[in-house]
Amino acid sequence: MASNGPSLKTCWFVGAARDEVKALPVEVQDVVGYALHLAQCGEKHGSVKPLKGFGGSGVLEIVEDHKGDAYRAVYTIKFAEAVYVLHAFQKKSSKGIATPKRTLETIKRRLRMAEQDYRARVGSKKTK
């Protein structure tokens, strides 16, 4: 019997993350969608890097530039059976390349929400 290939992790969006992704330019949405698909397969897109300030918690950002603007989508692979999209935004840093504190606070809050959601959905199953 032939195998159906590796199973995909489920992809869930936290808070307004789905609407935030849909608000990005279509070309950026394509990159984000493909990068998330690869994450579901256990792989990593070339434009993905760890988000600074989150240590080893498996929080990653998709970095995409389009027509001179910088866009980011943040997700976590912390969970064994799911990828959670935490935030997506156009980067408008007025202070160099650092991600604004308010944006990081949104990501931290949504990561806590993802942890709660995952426990509720999966129950006693552990994170990665």
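Scroll up to find the structure this text is about.
Since we're looking at a predicted model, the values are computed, not measured. (Residues numbered from 1 in each chain as written. Predicted model: local features only at pLDDT ≥ 70, side-chain atom pairs only at ≥ 80, totals over all residues. Heavy atoms only, no water.)

### Topic: the overall build of the protein
In step 1: From N to C terminus, the protein includes three helices and five strands.
In step 2: When the elements of the protein are put in sequence order from the N terminus, they spell out β-α-α-β-β-β-β-α.
In step 3: Looking at the protein as a whole, 43% of its 128 residues are labelled buried.
In step 4: In the protein, of all internal contacts separated by at least 6 residues, the share reaching a separation of at least 24 is 54%.
In step 5: Accessible surface computed for the protein: about 7800 Å², of which carbon and sulfur atoms make up 51%. (Helix = DSSP H or I, 4+ residues; strand = E, 2+ residues; numbered from the N terminus. Buried < 20%, exposed > 50% of the residue type's maximum accessible area, 1.4 Å probe, protein only. Contact = heavy atoms within 4.5 Å. Areas by Shrake-Rupley, 256 points an atom, 1.4 Å probe, with all protein chains shown as cover.)

### A word on helix 3 (residues 101-122)
In step 1: The end-to-end C-alpha separation of helix 3 is 31 Å, in line with the 32 Å expected for 22 residues at 1.5 Å each.
In step 2: Among all positions in helix 3, only Thr-103, Thr-106, Ile-107, Arg-110, Leu-111, Ala-114, Glu-115, Tyr-118 and Val-122 are buried.
In step 3: Considering only its buried residues, helix 3 is in contact with strand 1 (10-13), helix 1 (17-22), strand 3 (59-66), strand 4 (69-79) and strand 5 (82-91).
In step 4: A positive backbone phi angle near 75° is found at Gly-123, which sits one or two residues after helix 3. (Expected span 1.5 Å × (residues − 1).)

### Some thoughts on the nonpolar core
In step 1: Ranked by internal contacts, the top residues of the largest apolar core, which has 19 residues, are Leu-24, Val-32, Leu-36, Val-48, Ile-62, Tyr-75 and Val-85.
In step 2: Contributions of two or more residues to this core are made by helix 1, helix 2 (26-40), strand 3, strand 4 and strand 5.
In step 3: Broken down by element, this core gets its largest block of residues, six residues, from helix 2.
In step 4: Among all residues touching Ile-62, those that are not within four sequence positions of it are Val-31, Val-32, Ala-35, Leu-36, Ser-47, Val-48, Tyr-71, Arg-72, Ala-73 and Tyr-75.
In step 5: Judged by nonpolar contacts, the second largest core, of 16 residues, contains Phe-79, Ala-82, Leu-86 and Ala-114. (Core = buried A, V, L, I, M, F, W, Y, C linked by side-chain atoms within 4.5 Å.)

### Topic: the pattern of salt bridges
In step 1: The tally for this structure, following the rule as stated, stands at five salt bridges.
In step 2: Among the ionic pairs, Glu-20 bridges to Arg-110, the shortest N-O distance being 2.9 Å. With Glu-20 in helix 1 and Arg-110 in helix 3, this residue pair connects regions lying 90 residues apart in the sequence. The exposure classification of Glu-20 matches that of Arg-110, with both residues buried.
In step 3: Between Asp-117 and Arg-121 there is a salt bridge, with its nearest N and O atoms 2.5 Å apart. Here Asp-117 and its partner Arg-121 are both found in helix 3, four residues apart, which amounts to about one turn of the helix.
In step 4: Overall, the relative accessible area of 26% leaves Asp-117 in the partly exposed class.
In step 5: Here the salt bridges do not stand alone but share partners, grouping Lys-49, Glu-61 and Arg-72 into one network. (Salt bridge = Lys/Arg side-chain N within 4 Å of Asp/Glu carboxyl O.)

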